[in-house]
Structures are given as C-alpha cells and as structure tokens.
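So you can see what is in the structure, the chains are spelled out below.
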Amino acid sequence: MDDIPEDLKLKDIEIGQKKSFEVVVTESMVDDFAKLSGDNNPLHMDENYAKSNNFKGRVCHGMLLASFFSRLAGMYIPGKNALYFSQSLKFQYPCFVNDRIEIHGEVIDKSLATKIITLKTTISKDKRQIVDGIGKVMVRD
C-alpha cells in the first residue's frame, strides 16, 4: 500500500472516476478491531462458536469492512483533502478471516456549491457484492 495520499482538488475529480484496491482480512485485523471497538462478540472472536452458528469461521466485523471506505476517501478519492461527511451501509453477506476482498469507489455526483462528492462504495468477495453504500466526502481545497 502506498502511504502517500492523493492530493486531488475538487476540479480534478470527475463523475465516473473510480478506484479499487484489495485487502486480505487477517486474524490480527479482526483481533485488533475487537480491541479498539470493544466488540468481542463470539461470532467475531471464537471459531467454534461461529461454526456452531452456521458460519464457516470467524465473521469479520462489519464496521471493520466499512473502515476500508475511509482508506478509499482518505488515500485515493480525493486523498489528503478528504473530510468524510456521511456513509450509508448495507451488509449483504459475511466476510471471514482470510477472505480476500475488493473495495470499490465511484464518484457519482459532485457539488461545486458544497464541495461534496458522492461516492458509490462497495466491497466484493469472489465477485459477489457483500457491502454497499453511499459516501459523501467534502473536498477541502
């Protein structure tokens, strides 16, 4: 991952502009997120409990997945000029430890008056959408 955020200005951002990146959700990510959030639900933390509840293994926190939308805005579109305004989320299918996911963002609206871009945000796994939503990001030029 490149640690230097993009420096897009509002004028540089076009409707239809896209960015995607991949992440493998590791056990340490889930463990660290549980420590940070305080969400130690056994579906997330106990392999046997998750399996006894008809899951193939530990279920990744939905909000951990949603946090990758922060990377999308804060690092790529627009990057360092981003200030998250809002994000809707719909969780459709679970994600498990060791799953490879793809995070997608597409600019679907841009307001010069408010300096807010609207991003269609999705996460997919094995070509199946597992999370979607709409993000609004203020571009601080």
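Each value, and the rule that gives it
Residues numbered from 1 in each chain as written. Predicted model: local features only at pLDDT ≥ 70, side-chain atom pairs only at ≥ 80, totals over all residues. Heavy atoms only, no water. Phe/Tyr/Trp six-rings, centres within 6.5 Å; stacked < 30°, edge-to-face > 60°. Helix = DSSP H or I, 4+ residues; strand = E, 2+ residues; numbered from the N terminus. Lys NZ or Arg CZ within 6 Å of the ring centre and 35° of its normal. Buried < 20%, exposed > 50% of the residue type's maximum accessible area, 1.4 Å probe, protein only. Arc of directions from axis to C-beta. Contact = heavy atoms within 4.5 Å. Core = buried A, V, L, I, M, F, W, Y, C linked by side-chain atoms within 4.5 Å. Salt bridge = Lys/Arg side-chain N within 4 Å of Asp/Glu carboxyl O.

Before going further, it helps to spend a moment on the packing of aromatic side chains. Scanning all chains against the criterion turns up two aromatic pairs. With a centroid separation of 6.3 Å and an interplanar angle of 55 degrees, the aromatic rings of Phe55 and Phe96 are classed as tilted. Of the two residues, Phe55 sits in the loop between α3 (47–52) and α4 (62–76) while Phe96 sits in the loop between β3 (90–91) and β4 (100–111), which places them 41 residues apart along the sequence. We note Lys19 situated over the ring of Tyr76; from NZ or CZ to the ring centre the distance is 4.4 Å. Seen from the ring of Tyr93, Arg128 lies directly overhead, with NZ or CZ sitting 3.6 Å from the centre.

With that out of the way, let us pick up helix α1 (residues 27–37). An α-helical turn contains 3.6 residues, so a residue and the one three or four places further along point in the same direction. Looking only at α1, the buried set comprises Val30, Phe33 and Ala34. Here the buried residues of α1 occupy an arc of 100 degrees about the axis, which is enough to place them on one side. Exposed residues lying more than 90 degrees from the buried face of α1 are Lys35 and Leu36. Buried positions along α1 lie against α2 (42–45) and α4. Gly38 sits one or two positions beyond α1 and adopts a positive phi of about 80 degrees.

If you look at the biggest cluster of nonpolar residues, it comprises 31 residues, and the most contacted ones within it are Val25, Leu65, Ile101, Ile103, Ile117 and Ile123. Elements with a contribution of two residues or more to this core: β1 (18–24), α1, α4, β4, β5 (116–125) and β6 (128–139). For this core, the element with the highest residue contribution is α4, accounting for eight residues. Among all residues touching Leu65, those that are not within four sequence positions of it are Val25, Cys60, Cys95, Ile101, Ile123, Ile130 and Val131.

Attention now goes to the pattern of salt bridges. For the structure on display, the rule yields nine salt bridges. Lys11 is the salt-bridge partner of Asp12, the closest N and O atoms lying 3.2 Å from each other. Judged by relative accessible area, which is 31%, Asp12 ranks as partly exposed. Taking the relative accessible area as the measure of exposure, Lys11 reaches 63% and is therefore exposed. Here Arg58 ties to Glu27 by a salt bridge, and the two come within 3.0 Å at their closest N and O atoms. Taken together, the residues Arg58 in the loop between α3 and α4 and Glu27 in helix α1 connect sequence positions 31 residues apart.

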